[in-house]
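# Observations on the three-dimensional arrangement
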Amino acid sequence: GPSGFADPPRPFVVRARHLDGRRIESGERFYFDLNVFTADTEPFITAFGTLAGQGIGPGRARIDLDHVHRPAAVRLSLGLSLDQSAAGVRGIRVEFLTPTELKQSGQIAPEPEFAVLFARIRDRLGTLRSLYGPGPLDIDFQAMGTRAASVRMIRCETRHVEVRRRSSRTGQTHGIGGFTGFADYEGNLAEFLPWLEAAHWTGVGRQCVWGKGEIEIQRL
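What this report covers is the structure whose coordinates are included nearby. All of these numbers come straight from a predicted model, not from anything done at the bench. (Residues numbered from 1 in each chain as written. Predicted model: local features only at pLDDT ≥ 70, side-chain atom pairs only at ≥ 80, totals over all residues. Heavy atoms only, no water.)

### What about helix α5 (residues 193–202)?
Given 3.6 residues per helical turn, the α-helix brings residues three or four places apart onto the same face. Condition: Partly exposed residues are those whose accessible area sits between 20% and 50% of the maximum for their type, while under 20% is buried and over 50% is exposed, using a 1.4 Å probe and protein chains only. Comment: elements are numbered from the N terminus, with helices defined as DSSP H or I runs of at least four residues and strands as E runs of at least two. Any two residues having at least one pair of non-hydrogen atoms within 4.5 Å are treated as being in contact.
By the criterion of burial, α5 is predominantly enclosed, with seven of the 10 residues buried. When α5 is considered as a whole, its buried residues turn out to be L193, P194, W195, L196, A198, A199 and T202. Buried positions along α5 lie against β1 (12–15), β3 (91–100), α3 (114–132), α4 (141–148) and β10 (215–219). In the segment just after α5, G203 is the residue with positive phi, at about 80°.

Right, dumping it as structure tokens:
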């Protein structure tokens, strides 16, 4: 795989924000979504079945893996073509549904400027394809980055959310916070829209596997 990935990105993300703050009572059923970026999903089913038996949550409550549902829409989304165009799209709103952190020059970016947001989406999609797909993307990364820099952020309403998780295995505490809210962008967005739509499934930014960086796109 690509150099610099001693701990490579995982080929899946968990989607469970609808469970935030909930207490699941004994006998109650619940669900979560899992977006998988490899063709073979059986190892994930086996892994979550094992996890269910070991218990989850602070008290390691035992659960049963009752059912696995594979929606057709999710399977089709994995084949989303990055060559799609959306001619005429000049404005979009990106909603950051879960805490998001975007790195720029080794630091956490204070705001989701479009050039930074696109760079992190481009890098994530490119890495997932290189590690788990047919190979590196055949694009001019620098040229696309230059064009992304011409897209302006015209409105930004975000707030920082402080979230921490404690590993029951190691006892270590990890910060998994970031900003939520939305940002509006204006410019020639046609070539970037498919990338943003793909990032809805993959997430963007740091610690995506834990559910961070979930975004949703609206055309303005």
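### Comments concerning unusual backbone geometry
Even without a glycine there, the phi angle at S105 is positive, about 55°. Checked against the element boundaries, S105 lands in the loop between β4 (103–104) and β5 (107–108). Backbone geometry at Q207 places phi at a positive 60°, although glycine is not the residue there. If you trace the backbone, Q207 turns up in the loop between α5 and β10. According to the relative accessible area criterion, Q207 is partly exposed, its value standing at 22%.

### A look at the sheet that holds β10
Within a sheet, adjacent strands bond to each other through the backbone by hydrogen bonds, running parallel or antiparallel. What counts, and what does not: Two strands are counted as paired when DSSP detects at least two bridges linking them. Each axis is a line fitted through C-alpha atoms, and for a helix only the stretch in contact is used; angles between axes span 0 to 180 degrees, taken between their N-to-C directions.
With respect to topology, four strands assemble into an open sheet ordered β6-β9-β3-β10, the strand pairing being antiparallel. Bordering the open sheet on either side are β6 (152–161) and β10, each of which pairs with just one other strand. For this sheet the average axis-to-axis angle between neighbouring strands, irrespective of direction, equals 10°. The sheet contacts of α3 involve β3, β9 (178–186) and β10, and relative to β3 the element is tilted by about 65°. Packed on one face of the sheet, α5 meets β3 and β10 and runs near 145° to β10.

### Here's the deal with the packing of α3 against α4
This is how it is decided: Note on angle classes: values under 35 degrees are labelled roughly parallel, values over 145 roughly antiparallel, values of 65 to 115 roughly perpendicular, and the remainder oblique. Two helices that cross are described as forming a left-handed crossing if the nearer one is turned anticlockwise from the farther one by less than a right angle, and a right-handed crossing if clockwise.
Remark: α3 packs on α4, axes separated minimally by 8 Å, with the N-to-C direction vectors making an angle of 150°. Put simply, α3 runs roughly antiparallel to α4. Considering only the axes of α3 and α4, their crossing is right-handed. Contacts from F114, A115, F118, R122 and D123 of α3 reach α4 at F141, M144, G145 and A148.

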